[in-house]
Amino acid sequence: MSTIKYININNNDVYFLACVNDKILINDNYKGMLILDSELNMIDAIEIMDDLVIYSYYVYQNKILLYCPENNNIVFLDVESGKYIIISLSGFESEIFGDVYELDDDKIILATYKGNFICIDLLNQNPKLSYYNGTGTQVQKDYDILKNYTVHKVFPDVTRALVGNEELCLIDYRKHMVLLERIKQEQYHDYELMNHCLVKIGENNINMTNCKNEVVLKPMKGYIYLRAKSLKVNEVSYIITLASCNDNAESCMIEKHFL
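Here's what I pulled together on the structure shown here. (Residues numbered from 1 in each chain as written. Predicted model: local features only at pLDDT ≥ 70, side-chain atom pairs only at ≥ 80, totals over all residues. Heavy atoms only, no water.)

Description of the environment of arginine 227
The residue arginine 227 is located in strand S22 (residues 223–233) in this model. In this structure the C-alpha to C-alpha distance between arginine 227 and isoleucine 240, which are 13 residues apart in sequence, comes to 8.4 Å. (Helix = DSSP H or I, 4+ residues; strand = E, 2+ residues; numbered from the N terminus.)

Section: the pairing of strand S18 (residues 188–194)
A large share of S18 lies buried, amounting to five of its seven residues. As paired elements, S18 and strand S19 (residues 197–202) share six bridges and run antiparallel to each other. Considered in S19, the bridge of aspartate 190 is made with isoleucine 201. Linking two consecutive strands that pair antiparallel, namely S18 and S19, is a turn of two residues; a positive phi of about 50° is found at asparagine 195 within it. (Buried < 20%, exposed > 50% of the residue type's maximum accessible area, 1.4 Å probe, protein only. Pairing = 2+ DSSP bridges.)

Focus on the sheet that holds strand S3 (residues 23–28)
The strand order across the open sheet built from four strands is S2-S3-S4-S5, with neighbouring strands paired in antiparallel fashion. What marks the edges here is a single partner per strand, and that holds for strand S2 (17–20) and strand S5 (42–47). Averaged over all pairs of adjacent strands, the angle between their axes in this sheet comes to 25°, without regard to strand direction. Taken together, the five bridges between strand S4 (residues 32–36) and S5 define a ladder with antiparallel strand orientation. Residue leucine 36 lies in a different strand from S5, and its bridge partner there is methionine 42. (Axes fitted to C-alpha atoms, helices over the stretch in contact; angles between N-to-C directions.)

Regarding the side chain of lysine 229
Relative to the elements of secondary structure, lysine 229 occurs in strand S22. Looking at lysine 229, the relative accessible area reads 8%, which means it is buried. One polar contact links lysine 229 to tyrosine 57, side chain to side chain, over a distance of 3.3 Å. For lysine 229, the side chain forms a polar contact with the side chain of glutamate 192, separated by 2.6 Å. If we ignore the near neighbours within four places in the chain, the residues touching lysine 229 are Leu17, Ala18, Cys19, Tyr57, Lys153, Glu192, Met194, Tyr238, Ile239 and Ile240. (Polar contact = N/O pair within 3.5 Å; in protein donor to acceptor, adjacent residues only side chain to side chain. Contact = heavy atoms within 4.5 Å.)

Taken by themselves, the reported measurements are silent on function.
So, in C-alpha cells, the structure goes:
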C-alpha cells in the first residue's frame, strides 16, 4: 500500500488524531486543536485553553466531545464553525467515562466505569452534566453485556468490542457472536475497525487483517506509529496515520493511504 500524501508537523507534540466527516483533527500542543481537510491542508487552528490534555472523544454529527478529565471538563467542539463550549466536570470528578454511550437527537448518555449513566443535553446553549436513569436504555443493556468481559476497546457505532486477556476476540456484543478469535496482542497498542478490517496499530507496523488481502504499513525511517483512523470522502475510504519522530517528540508525520 503506497502513501498518497503526507505532511510533516514540527514544534508540536501531537498525540491525538480523530476524523469527523471529511475533516482530520489533531491536537495543537497542549492548547487547542488543528483541523485539516481531506487533502491534509491546514484549514483552522482553534485555541481552547492552556495545558489541554485529551483523554478520549465522542463524535456527534459534525461535532466532537473531547473528554479532558485532567482539565476537569469536556470540550464540545463544532468542527465546521470552530466554535466550542466548555462543560465543567465539577461534581463528577469521581466518575470515569468509558467507550459505551448512546446518542439521541438532542443528548448523549455516557456510561461510567462505576456503572452510572450521565446525560449531556447537546441542544442546550449552556450544557451541563446530570445523572441519568439508564434503566431500559440501549446504553444500559450494552454496559450490562460488556461488564462480563475484559474489554480492550469498544466500537459502539458497529456494536463490536475487542475482549479477552492474552489473546483477544472481536465480538458483536448485541448479537452475542464471536467474529474473530485468537488475536495476538503482540506489539500492538491500539486497534480500529475500518471497512470490516481489523487494524492493529503498533509502533513499527500497522497490520490490517480480516480483509480480502492482509496489508502491513511500515513507518518512515526514524518514526513510530501512534494512531490510525479511517476517513471517507465521496464514498472512497482512506486510512490516516500519525507517526512521531524517534528523536524529537515535537516532530510528527500525518500520512494518507487508500484503504
